[in-house]
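These are the residues of each chain, in order.
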Amino acid sequence: LFTLYQLHLARGHIDLAFNHLSKAVALDRSKLLELARFQATRGVGQENAQQIVVKLKEECLAGLAKRPFNRSLRLLTAESLVLLRDYQKAAEVLDESYKAVPEPAYSAALGRVYLAWWDSRHSEPGRPEGADLDLLEQASRYSPWSLELARRCRDVRSNARSLPQGQLALLERIEERL
């Protein structure tokens, strides 16, 4: 059903895609995140998408209590937390498993969480350039090969003359990891 959803979506058959996605969600709750994305991007309603993500987060956290070593469930939980802008909790959910088993999937996901967290803070009006470089540093610890991290460092570097010396040194340490 999910494949049929993807096929209809690719062909622009939105109603058919939605029908197949709804059926897929009934069979596989992990598809709730895709349903939230679908609704948010199709203008069905941000509120409804938000409610779906909250529901998914609750189901995932309950599932993790029963199956704490389920990698897919842990990654899905973190992704739902990021969509809800609970970056701290998303990092905690992933870091807990990463410390036990440093798998590349956890490492890449942690890097994405810290980049999303930095993006969220960086987009706040009046935020000084170079603020929250500690989040980029965290991203570099987990995912030093990330092109997205390199792009953000390049953007910060382009305004480097306005950075205080301490932040400039931190930026240089991050760039050394890349």
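Okay, so let's go over this structure. Everything numeric here is computed off the predicted structure, so don't read it as measured data.

### Structural notes on the packing of helix 8 (residues 133–142) against helix 10 (residues 165–177)
A pair of packed helices is captured by two measures, namely the crossing angle of their axes and the spacing between those axes. Between helix 8 and helix 10, the shortest axis-to-axis distance is 9 Å and the interhelical angle comes to 15°. Regarding the angle of helix 8 to helix 10, the classification is roughly parallel. As for how helix 8 packs across helix 10, the hand of that crossing is left-handed. Seen from helix 8, the contacting residues are Leu133, Asp134, Leu136, Glu137, Ser140 and Arg141; seen from helix 10, they are Gln167, Leu170, Leu171, Arg173, Ile174 and Arg177. Taken together, the residues of the contact of helix 8 with helix 10 break down into five nonpolar, two polar and five charged.

### Some words on the environment of Arg161
Here Arg161 lies in the loop between helix 9 (147–158) and helix 10. In the structure, Arg161 is positioned 135 residues away from Ala26 in sequence and 54 Å away in space, judged by C-alpha atoms.

### Observations regarding the side chain of Arg74
Residue placement: Arg74 occurs in helix 5 (residues 71–83). According to the relative accessible area criterion, Arg74 is buried, its value standing at 3%. At a separation of 2.6 Å, a polar atom in the side chain of Arg74 contacts the side chain of Ser97.

### A word on the pattern of salt bridges
Throughout the structure, instances matching the rule amount to 12 salt bridges. When the shortest N-O distance is used, the salt bridge between Lys99 and Asp95 registers 3.2 Å. You can see Lys99 and its partner Asp95 sitting in helix 6 (residues 87–100), four residues apart, about one turn around the helix. Of the residues examined, Asp95 reaches a relative accessible area of 15% and is grouped as buried. Salt bridges sharing partners connect three or more residues here, namely Asp119, Glu148, Arg151 and Arg152.

Calculation criteria
- Residues numbered from 1 in each chain as written.
- Predicted model: local features only at pLDDT ≥ 70, side-chain atom pairs only at ≥ 80, totals over all residues.
- Heavy atoms only, no water.
- Axes fitted to C-alpha atoms, helices over the stretch in contact; angles between N-to-C directions.
- Helix = DSSP H or I, 4+ residues; strand = E, 2+ residues; numbered from the N terminus.
- Parallel < 35°, antiparallel > 145°, perpendicular 65-115°, else oblique.
- Left-handed = near helix turned anticlockwise from the far one by under 90°.
- Contact = heavy atoms within 4.5 Å.
- Nonpolar A, V, L, I, M, F, W, Y, C, P; charged D, E, K, R; others polar.
- Buried < 20%, exposed > 50% of the residue type's maximum accessible area, 1.4 Å probe, protein only.
- Polar contact = N/O pair within 3.5 Å; in protein donor to acceptor, adjacent residues only side chain to side chain.
- Salt bridge = Lys/Arg side-chain N within 4 Å of Asp/Glu carboxyl O.

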